[in-house]
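Inside the fold
Chain by chain, the residues run as shown.
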Amino acid sequence: MKFSTLSVFAVTTATVFAAPIPVDVAGVQLQNPFGSSGLSSTDEPIPGDSPLLICDLEAPKRVEITKLDLNPNPPLKGQELTIFAEGIVKETILEGAYIDIDVRYGYIRLLKQTFDLCEQTQNVGLECPIKEGKIELETSVQLPSEIPPGVYTVAARAYTVDDEPITCLATTIEFPAL
């Protein structure tokens, strides 16, 4: 299945811990992607060099993301984006786990789709089941140069086969007009 540019980044990043919606960013603002501007009480920056947030903080997580770096940060149209992530898988993730992706361009929903997590983990060199313990991943994706300018918001929520939260990632990224 071929993914849109934005869904690829979200799925790659979420898959790294549970995988890329690459976008070009001139000025990244950390925001609640579905609320008003500014960090909400349920969003927290992920340690490292990226505009991504851990969302739904009140929900228990089966994966703790300890570091997430994007290179370059901000991502640039037409260039390769490398994603490096570290974390701790607290509970083995089994076949049937899934990721819900919601991508918006301003107020317009571009994508709302569910992806099989175990199918996506193959894109970052993992296989299900994903066993408990420390994990480090690095993957790269070529960003297209045709990304339209504007503000994109992305939320990626990963769940176990039993619908229990694995992790939640969110970001708001603005691509400048050239």
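Structure: see above.
The text that follows walks through the structure, step by step, so that each part is easy to find. The shown structure was predicted, so the numbers you read here are calculated from the model rather than taken from an experiment.

Some words on the packing of aromatic side chains
Evaluated as defined, the whole model comprises two aromatic pairs. With a centroid separation of 5.2 Å and an interplanar angle of 25°, the aromatic rings of Tyr98 and Tyr159 are classed as stacked. A residue pair is termed long-range when its members are at least 10 positions apart, and Tyr98 in strand S5 (residues 98–105) and Tyr159 in strand S8 (residues 150–159) qualify at 61 residues. Like Tyr159, Tyr98 is buried.

Structural notes on the nonpolar core
Counting residues in hydrophobic clusters, the biggest one holds 33 residues, and the most contacted among them are Ile46, Ile65, Leu68, Ile93, Ile101, Ile130 and Ile166. Listed by contribution, the elements that provide at least two residues to this core are strand S3 (63–71), strand S4 (80–89), S5, strand S6 (108–116), helix H2 (117–121), strand S7 (133–142), S8 and strand S9 (165–175).

What to know about the environment of Arg157
Among the secondary structure elements, Arg157 is positioned in strand S8. When its relative accessible area of 25% is taken as the criterion, Arg157 is described as partly exposed. Put simply, Arg157 and Leu169 are 12 residues apart on the chain and 6.4 Å apart in space, counted from C-alpha to C-alpha. Dropping the residues within four chain positions of it, Arg157 is found in contact with Asp56, Tyr98, Ile99, Asp100, Thr167 and Cys168. A distance of 2.6 Å separates a polar atom in the side chain of Arg157 from a polar atom in the side chain of Asp56.

A short note on the sheet that holds S3
With respect to topology, three strands assemble into an open sheet ordered S3-S4-S7, the strand pairing being antiparallel. Strand pairing shows two members of the sheet lacking a second neighbour, S3 and S7, which therefore form its edges. If you compare each strand with its neighbour and ignore which way they point, the axes differ by 15° on average.

Some thoughts on the environment of Ile166
Position of Ile166 among the secondary structure elements: in strand S9. Classification of Ile166 as buried rests on a relative accessible area of 0%. Sequence-wise, Ile166 and Val63 are 103 residues apart; in three dimensions their C-alpha atoms are separated by 5.8 Å.

A short note on the sheet that holds strand S1 (residues 43–45)
As summarised here, the arrangement of the six strands in space is S1-S2-S9-S8-S5-S6, forming an open sheet in which the pairing is antiparallel. Every interior strand has two partners, whereas the edge strands, S1 and S6, have only one. Between one strand and the next, the sheet's axes are offset by a mean angle of 20°, whatever the strand orientation.

Quick notes on the state of the cysteines
Applying the stated criterion across every chain, the model contains two disulfides. Paired by a disulfide, Cys55 and Cys168 hold their sulfur atoms 1.8 Å apart. Its S-S torsion of approximately -85° makes the covalent link between Cys55 and Cys168 left-handed. Taken together, the positions of Cys55 in strand S2 (residues 53–55) and Cys168 in strand S9 put the pair 113 residues apart, joining distant regions of the chain. Here Cys118 connects covalently by a disulfide to Cys128, the sulfurs 1.9 Å from one another. Between Cys118 and Cys128, the S-S torsion sits near -85°, and that sign places the bridge as left-handed. With Cys118 in helix H2 and Cys128 in the loop between H2 and S7, the pair connects residues that are 10 residues apart, well separated along the chain. Classification of Cys128 as buried rests on a relative accessible area of 16%. With its disulfide-bonded cysteines labelled consecutively along the sequence, the protein chain is connected as 1-4, 2-3.

As for the pattern of salt bridges
All told, the structure shown has seven salt bridges when counted by the stated rule. Of the charged contacts, one joins Lys134 and Glu136 as a salt bridge, the two residues approaching to 3.8 Å between their closest N and O atoms. The class of Lys134 is exposed, set by a relative accessible area of 65%. Under the relative-accessibility criterion, Glu136 is labelled partly exposed at 45%. Connected through shared salt-bridge partners, Arg62, Glu91 and Glu164 make up one network.

Reading guide: rules and limits
Residues numbered from 1 in each chain as written. Predicted model: local features only at pLDDT ≥ 70, side-chain atom pairs only at ≥ 80, totals over all residues. Heavy atoms only, no water. Phe/Tyr/Trp six-rings, centres within 6.5 Å; stacked < 30°, edge-to-face > 60°. Helix = DSSP H or I, 4+ residues; strand = E, 2+ residues; numbered from the N terminus. Buried < 20%, exposed > 50% of the residue type's maximum accessible area, 1.4 Å probe, protein only. Core = buried A, V, L, I, M, F, W, Y, C linked by side-chain atoms within 4.5 Å. Contact = heavy atoms within 4.5 Å. Polar contact = N/O pair within 3.5 Å; in protein donor to acceptor, adjacent residues only side chain to side chain. Pairing = 2+ DSSP bridges. Axes fitted to C-alpha atoms, helices over the stretch in contact; angles between N-to-C directions. Disulfide = S-S within 2.5 Å. Salt bridge = Lys/Arg side-chain N within 4 Å of Asp/Glu carboxyl O.

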